[in-house]
Amino acid sequence: MDMQTAEQRIDELKRLLTQYGYEYYVLDKPSVPDAEYDRLMQELLALEEQFPHLKTADSPSQRIGGAALELFEKVEHRTPMLSLANAFNEQDLRDFDRRIRKAVGDDFSYVCELKIDGLAVSLRYEDGLFVQGATRGDGIIGEDITSNLKTIKSIPLRLSEEVSIEVRGEAFMPKLSFVALNERRKERGEEQFANPRNAAAGSLRQLDPKIAASRKLDVFLYGIGNPEAVGVVSHSEGLDYLDRLGFKTNHERRKCATIEEVMEFIKEKTEQRHQLAYDIDGIVIKVDSLHQQAILGTTVKSPRWAIAYKFPAEEVVTTLLNIELSVGRTGVITPTAVLEPVRVAGTTVQRASLHNEDLIREKDIKIGDKVVIKKAGDIIPEVVNVLVDQRTGMEVDFYMPTHCPECESELVRLEGEVALRCINPKCPAQIREGLIHFVSRDAMNIEGLGEKVISQLFAENLITDVADIYKLTREQLLALERMGEKSVSKLLAAIEASKSNSLEKLLFGLGIRHVGAKAAKTLAQEFGTMEKLAAASKEELIAINEIGNKMADSIVSFFEQEEARELIEELRNAGVNMEYKGPKPISASESDSIFAGKTIVLTGKLEHLTRNEAKEKIEALGGNVAGSVSKKTHLVIAGEDAGSKLTKAQELGIEVWDEERLLEELKK
Ligand code: IVH
């Protein structure tokens, strides 16, 4: 075949396969037999192999999954991917309705949608071509999973119009695919996925796109990142527009004029949910008009114009086999119920915290009882109550011990506390938990040094305090269970890297009573170095906003301890950084910047800065960056394609700058 004929045929095949794929995967109405589709695909693959330069990014052959990646690149979302506030009952919904009414009056409608239980993804198209897909990540920065998303057949590689658009939705694994996948894994002796959501997330986090391609993933799109830019005025219009562009949206949606209609929708879907082909965990209720959405605005975490109604937690009955005790980092003794394993809301549960003795008495829990279990917030297993009438008389009362199960020193109940504590500072359990805390994410963040490795190192006396972590050798680590050359090298590099953490991570990691991650940051910013903080008096400490009496006392007595000072010296000698490295906030009154004390809103696309960079710079100059425009806004910075926020600023007569002006002022 000559090249020109090949080119024509390839175009024809791409068109047919795209069309058939759309009918099959998006519309769920196949128009040709599977065998015909497969035959055309084979023909396309063969031609593309023969003429590789004719292969394009929107070719259906791209869905098979190309070469494996080394790692996922980070992607900064152009507008943050927020999450939703939750409602758990009718009252929460009525409160939500009242807040909306107060802000926009009575003339509005809602759109109700299913809350798909998968993972949020963002898809970016340029001139109609799929260019990048990302996970939500922390909402600001996600991971580039384009090659994996291309394997999802309902995601169009090219749209029906040449638009540039960012769309958001939920990737998920249908229930039947999930069951089949777990069957296969069981046969191969591989670990099973706990639920479809984990399976979908696990599949999209594989560096090899062939794995994602082999899993039957699907997606529903539920939103547009830049709706104003594509000219829609309501959410429901946006969804219809997504349909026309060739996306798959969920059609179990309904426009509702009142909260009563919303409640009716919830009732219907609650009954039908188990018949659906995919898992849903609730109903999302959104104000339809984009203009009204803009008036309502967002908080840092979630829009005020939407709420997620979560289905009530599933409850099951099982037997409480035993109550075990654990000693926490601060010496608190926690009783935990050991349960006959039971499936609840998608996972197998075999332990549930009982928190403290009072709760055990209050719920009248005995060992051997039949108990009702649910997952609080759909995640944390909890004993709801005991089925007292099912007792056989063989149940055994439980009493908290008088002595520490780990070090045998006498337990105390501090005034005003429900918890029993071991107050022996040398208690091995507390030291071990303190070590685990030190390496945890918000503290020194040493990846590869999890609970299991720490427990092993501790049991073998290789580490007795946090400074010992920096003395570990390659040989010592290699001798541990399940530690090969590669993981040891990685771990040593992570330990090394942690030495340059900014001061607040170390401060939090030291586990000073009452000093949480946020307070640690404030302290690091205010004092700058460990020496200065260690020398601070109680008065100096309480002079700081956010630092109260109790915390100040605790900090002073921490640094008075000989052992603490020695430990810090040891860490310093090991090369651990003792200085704050982040931007220093200037309090509004101190700063003579034009931004000081002002509330500023960023909107639209900035060319020279990411939104996050702009935010950091403005905050470093004493400004306060907010998510939505209101009467309290002093200034709006509008980049390209700025939409409703700009309109609102103009309506309210708020000063508006372009990016150039912002850059100029930042330079001053
Ligand atoms: S709207 C700014 N609609 O639920 C609001 N979310 O915290 C964006 N989800 O991670 C969310 N189905 O991925 C919306 N129909 C739906 C949804 C939905 C599932 C997920 C979403 C987000 C979480 C909410």
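Bear in mind the structure is a predicted one, so any value in this text is a computation, not a measurement. (Residues numbered from 1 in each chain as written. Predicted model: local features only at pLDDT ≥ 70, side-chain atom pairs only at ≥ 80, totals over all residues. Heavy atoms only, no water.)

With that settled, consider the overall build of the protein. Across its full length, the protein holds 24 helices and 22 strands. Compactness check: the protein gives a C-alpha radius of gyration of 29 Å against a globular reference of 26 Å for 668 residues, within 12% of the reference. Dimensions of the protein along its principal axes, counting C-alpha atoms only, are 85 × 70 × 60 Å. Taking contacts inside the protein between residues at least 6 apart in sequence as the whole, the part at least 24 apart equals 66%. Of the roughly 34,400 Å² of accessible surface on the protein, a fraction of 50% belongs to carbon and sulfur atoms. Put simply, the protein has 88 plus and 111 minus side-chain charges, and the middle of one group is 1 Å from the middle of the other. (Helix = DSSP H or I, 4+ residues; strand = E, 2+ residues; numbered from the N terminus. Rg over C-alpha atoms; globule rule 2.2 N^0.38 Å. Contact = heavy atoms within 4.5 Å. Areas by Shrake-Rupley, 256 points an atom, 1.4 Å probe, with all protein chains shown as cover. Lys, Arg positive; Asp, Glu negative; His and termini not counted. Charge placed at Lys NZ, Arg CZ, Asp CG, Glu CD.)

To continue, consider the sheet that holds strand 8 (residues 218-224). The strands that make up a sheet are held in pairs by hydrogen bonds between backbone atoms, and each pair lies either parallel or antiparallel. The strand order 5-4-7-8 describes an open sheet built from 4 strands, whose pairing is antiparallel. Sheet topology places strand 5 (129-135) and strand 8 at the edges, where each strand pairs with a single neighbour. Across the sheet, the mean angle separating the axes of adjacent strands is 30 degrees when strand polarity is ignored. As defined by bridge partners, strand 7 (residues 165-172) adjoins strand 8 across 6 bridges and the pair is classed as antiparallel. Residue E170 lies in a different strand from strand 8, and its bridge partner there is F220. (Pairing = 2+ DSSP bridges. Axes fitted to C-alpha atoms, helices over the stretch in contact; angles between N-to-C directions.)

Glancing now at the site of the ligand. By nearness alone, 13 residues border the ligand, and L84, E113, E170, Y222 and K286 come closest of all. Here a nitrogen atom of the ligand and a backbone polar atom of L114 are 3.1 Å apart. Between the ligand and the protein, one listed contact pairs an oxygen atom with a side-chain N or O atom of E170 at 2.3 Å. Taking 530 Å² as the accessible area of the ligand by itself, protein coverage stands at 86%. Sorting the residues of the shell around the ligand by element identifies strand 3 (110-116) and strand 10 (280-287) as the ones contributing at least two each. The biggest single contributor to the shell around the ligand is strand 3, with 4 residues. Here the residues of the shell around the ligand are counted per class, giving 8 nonpolar, 1 polar and 4 charged. (Near = heavy atom within 4 Å. Polar contact = N/O pair within 3.5 Å; in protein donor to acceptor, adjacent residues only side chain to side chain. Nonpolar A, V, L, I, M, F, W, Y, C, P; charged D, E, K, R; others polar.)

It is the contact of helix 20 (residues 549-560) with helix 21 (residues 562-573), at a shortest axis distance of 5 Å, that shows an interaxial angle of 75 degrees. As judged from the angle between their axes, helix 20 and helix 21 are roughly perpendicular. For the pair helix 20 and helix 21, contact is made by F558, F559 and E560 and by E562, A564, R565 and I568, respectively. Of the residues belonging to the contact of helix 20 with helix 21, the class tally is 4 nonpolar, no polar and 3 charged. (Parallel < 35°, antiparallel > 145°, perpendicular 65-115°, else oblique.)

A word on the pattern of salt bridges. Counted under the stated rule, the structure contains 41 salt bridges. As a salt-bridge pair, K269 and E252 come within 2.8 Å of each other at their nearest N and O atoms. Here E252 lies in the loop between helix 8 (235-245) and strand 9 (254-256) and K269 lies in helix 9 (residues 259-272), a separation of 17 residues in the sequence. Linking K615 and E619 is a salt bridge whose minimum nitrogen-to-oxygen distance equals 3.4 Å. Linking K615 with E619, this pair stays in helix 22 (residues 611-620), spanning 4 residues, or about one helical turn. Here K615 falls in the partly exposed class, since its relative accessible area comes to 31%. Shared partners join several salt bridges into a network, and the residues in it are K14, D58 and R158. (Salt bridge = Lys/Arg side-chain N within 4 Å of Asp/Glu carboxyl O. Buried < 20%, exposed > 50% of the residue type's maximum accessible area, 1.4 Å probe, protein only.)

All right, on to the packing of aromatic side chains then. Across all of its chains, the model carries 11 aromatic pairs by this definition. With 6.2 Å between their ring centres and 85 degrees between their planes, Y309 and F311 make a pair best called edge-to-face. In this pair, the class of Y309 matches that of F311, namely buried. (Phe/Tyr/Trp six-rings, centres within 6.5 Å; stacked < 30°, edge-to-face > 60°.)

With that out of the way, let us pick up helix 17 (residues 517-527). Along helix 17, the residues classified as buried are A519, A520, T522, L523, A524, Q525 and F527. Packing partners of the buried residues in helix 17 comprise helix 16 (503-509), helix 18 (530-534), helix 19 (538-542) and helix 20. G528, located one to two residues past helix 17, shows a positive phi value of around 80 degrees.

Below, the discussion takes up the confidence of the model for the protein. Residue-level pLDDT values for the protein average 91, and 97% of them are 70 or greater. Across the protein, strand 3 holds the top mean pLDDT of 98, while helix 5 (residues 175-187) sits lowest at 82. (pLDDT = per-residue confidence, 0-100.)

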